[in-house]
Amino acid sequence: MTEHDKEQPPVPARRRFLRGTAGLTVAGLGAGTLVPNVAGAAAPAADADGVVCPDATLEAQTNRVLRWAGPAPGKWVKSRDGIEHDVVIVGGGQSGLAIGHGLRRKGIERVEIIDRSDPGEAGIWRSIARMKQLRTPKTMAGPKQGNTALGFRAWYETLNGPAAFDALDRIPRLVWADYLRWFETVTQARVRYRTRLLSIEPHGESLRLTIEEDGVRRSATTRKLVLANGFAGAGGPNTPPVLRELPSKVWAHSAQAIDFDAMARKVVAVIGAGSSAFDMAATALEHGASEVHMFSRDPYVNYAPAPPRAAAATPPPDRGHATLTELYGDLPDDVRWRNFVSGERRVASVPLDSLQRAVAFRNFHLHLNSNWTAATVDRSGKVAARVAGKTRRFDFVIAGTGYRIDLSAQPELAGVHRSIALWRDRYRPGPGEESAAGGLYPYLGPAFEFIPLEGSDAGYLRNIHCFNLAASLSFGLPVGDIPSTVDHPRLVSAIQKDLFLADVDTEANRRYLQAPAVAPDNSAYEKAVT
Ligand SMILES: Cc1cc2nc3c(=O)[nH]c(=O)nc-3n(C[C@H](O)[C@H](O)[C@H](O)COP(=O)(O)OP(=O)(O)OC[C@H]3O[C@@H](n4cnc5c(N)ncnc54)[C@H](O)[C@@H]3O)c2cc1C
């Protein structure tokens, strides 16, 4: 039984959704054409037993709606000598796919999406994410870029019917992964898999990348680079210092692939009490761990739905207005900073079902106010941890401690990070509002671009667009999350604008407008002139 089968509710016809997408040429839109659908576009095909094939229905529907959307504009970005790509996108997860599609719909075609993972494995959903269903509401927009036919709801309802969508609590995690795979296929994203960005260096105002593809290194040049490389893409996992010196066979961070089958009959510690920590604990228990102990420094677990907070005042419009989230990046610095610091000081909220999944086990133990101060490996190979004045022993430790932002720790940025302006370079917090962690976030421009440090001549940094967790302080929401898809149009338009304006030739414009007018040809109407 696959992990998928174990964890997911039955979803009718899910397995068939991609069959037929070979003939589904909707992403030909990206190339400015729409090739007619060859596989049952006119009417949904039927199974031998007369049941309508949902994948054919989906295919027909998607073709039709995309046809109505019309073709993308033809390629208009002028190629430049010695520059291969207009845009390289690092990451073929939900962000990279959506941004790539958005750019192609604007007529920007030399777009390359690269991902270090194997085909079908991009993103987190089939690997490190362990929850049963997404943490975000099922109605959020996702990568559809304003086109309802490309949305999760259209896909899911076409396969399973509207009642099935209504019956969903939230979107099952692996169903979301299937949907993204479909999105990738129908938008013809052409992700270059097993291809990793290793480093970036300036190439005039453009960029030279070192890339490793199937183990072979090469360089590539691009005018623009989008870092859609996920939550770990701007500093990596946040690892508790007490674990760093321990051998890797006794501990792992939740961001790593973990062999949960090896947890059977083991005593497991989980550090942290956020959503991923609860997912890790529950997964270990479901795989037969004899005990799981969770440790939190905090005195309580915050879970959603949370009890209503007593409102001291009506929230200002920069808080809690889902329809305004794409404007958060335009807020004044002090509002963005305070919002970040207040979020940092709150205990992160855990979906109630994630919490209940672990708490349902009698061998799950939650230790609050319990900070790990030291850890070693004893002679029997167990981890001996000092926690709240006691020594406790575990077979394996999982750190569910989230991610950190530290551009100096991100290998791909080694050659450029010193010139990138951070919040600590641009903003002085008021007394009581300091945050060392916040100070390390890059201070991004309105197009998610890095800003060169004052006095540096690193103008090329403006061509690196940082669409990952590091953008969260500048844009007021966890960038990469489904809610942050509201920001895709901003990024796509900004790249379009930069590429367009960079090619404006004022001299050519003057010559064109001042060229002598050609005498009009009146032959088409001459005989009617009286
Ligand atoms: C455990 C977990 C659960 C989450 N649950 C939710 C949720 O329920 N709802 C929600 O809205 N958000 C959730 N998030 C946050 C966020 O939505 C996800 O992280 C989401 O996958 C982000 O999408 P992305 O495309 O930006 O990045 P990712 O999905 O992480 O994709 C990034 C891609 O970049 C590739 N990559 C990275 N570095 C390189 C490199 N150097 N070269 C080439 N390729 C590279 C990776 O292989 C990966 O495929 C969760 C995050 C985590 C970690």
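See above for the structure.
Residues numbered from 1 in each chain as written. Predicted model: local features only at pLDDT ≥ 70, side-chain atom pairs only at ≥ 80, totals over all residues. Heavy atoms only, no water.

### Structural notes on the sheet that holds strand 8 (residues 291-295)
Defined as follows: By the convention used here, strands pair only if DSSP detects at least 2 bridges between them. Secondary structure follows DSSP: runs of H or I at least 4 residues long count as helices, runs of E at least 2 residues long count as strands, and numbering of each begins at the N terminus. Note on geometry: axes are C-alpha line fits, over the in-contact stretch for helices, and angles between N-to-C directions span 0 to 180 degrees. Contacts: residue pairs with any heavy atoms within 4.5 Å of one another.
Across the sheet, which stays open at both edges, the five strands sit in the order 6-15-7-8-11 with parallel pairing between neighbours. This sheet does not close on itself; its edge strands, each paired only once, are strand 6 (251-253) and strand 11 (364-367). Averaged over all pairs of adjacent strands, the angle between their axes in this sheet comes to 20°, without regard to strand direction. Along the sheet face, helix 8 (residues 275-286) touches strand 7 (267-271), strand 8, strand 11 and strand 15 (396-399) and points at about 170° away from the line of strand 8.

### Section: the site of the ligand
Spelled out, the test is: Summary of the distance rule: residues count as near a molecule or strand when at least one heavy atom falls within 4 Å of that molecule or strand. In protein, a polar contact means a hydrogen-donor-capable atom and an acceptor-capable atom, both N or O and within 3.5 Å, with residues adjacent in sequence counting only if both atoms are side-chain atoms; elsewhere, any N or O pair within 3.5 Å suffices. Charged means Asp, Glu, Lys or Arg here, nonpolar means Ala, Val, Leu, Ile, Met, Phe, Trp, Tyr, Cys or Pro, and polar covers whatever is left, Gly included.
Within the structure, the ligand sits among 29 residues, and Ser 95, Asp 115, Gly 123, Arg 135 and Ile 482 are positioned closest to it. Contacts to the ligand include Ser 95, whose side-chain N or O atom sits 2.6 Å from an oxygen atom. Contact between the ligand and Leu 197: a nitrogen atom at 2.9 Å from a main-chain N or O atom of the residue. Listing elements by their share of the shell around the ligand, those giving two or more residues are helix 3 (94-105) and strand 3 (195-203). The leading source of residues in the shell around the ligand is strand 3, at three residues. Taken together, the residues of the shell around the ligand break down into twelve nonpolar, eleven polar and six charged.

### Some details on the packing of helix 4 (residues 152-160) against helix 6 (residues 173-186)
Rules: If an angle is under 35 degrees, it is roughly parallel; if it is over 145, roughly antiparallel; if it lies from 65 to 115, roughly perpendicular; otherwise it is oblique.
Between helix 4 and helix 6, whose axes approach to 10 Å, the crossing angle comes to 105°. With respect to helix 6, the axis of helix 4 lies roughly perpendicular. Note on element contacts: helix 6 touches helix 4 through Val 175, Trp 176, Asp 178, Tyr 179 and Trp 182, opposite Phe 152, Trp 155 and Tyr 156. Looking at the contact of helix 4 with helix 6 residue by residue, the class counts come to seven nonpolar, no polar and one charged.

### Side note on a nonpolar patch on the surface
As a reminder, the rule being used: Only residues whose relative accessible area exceeds 30% and that form no salt bridge are eligible for patches; like-charged ones are grouped when within 9 Å, while nonpolar side chains (Val, Leu, Ile, Met, Phe, Trp, Tyr) are grouped when within 5 Å. Accessible areas in this description were obtained via Shrake-Rupley with a 1.4 Å probe; residue shielding takes into account the shown protein chains only. Within this document, salt bridges are pairs made up of a side-chain nitrogen of Lys or Arg and a carboxyl oxygen of Asp or Glu, the two lying within 4 Å of each other.
A contiguous nonpolar surface patch, about 290 Å² in accessible area, is contributed by Phe 500, Leu 501 and Val 504. Considering the arrangement of structural elements, one finds Phe 500 in helix 14 (residues 488-502).

### Details of the sheet that holds strand 13 (residues 383-387)
Spatially, the three strands line up as an open sheet ordered 12-13-14, and their pairing is antiparallel. For this open sheet the edge positions go to strand 12 (372-377) and strand 14 (390-394), each flanked by a neighbour on one side alone. The mean inter-strand angle of the sheet, taken between neighbouring strand axes irrespective of direction, is 25°. Both strand 13 and strand 14 contribute to a ladder of five bridges, which runs antiparallel. Residue pairing for strand 14: Arg 386 is matched across the bridge by Thr 391.

Structural measurements only, silent on function.
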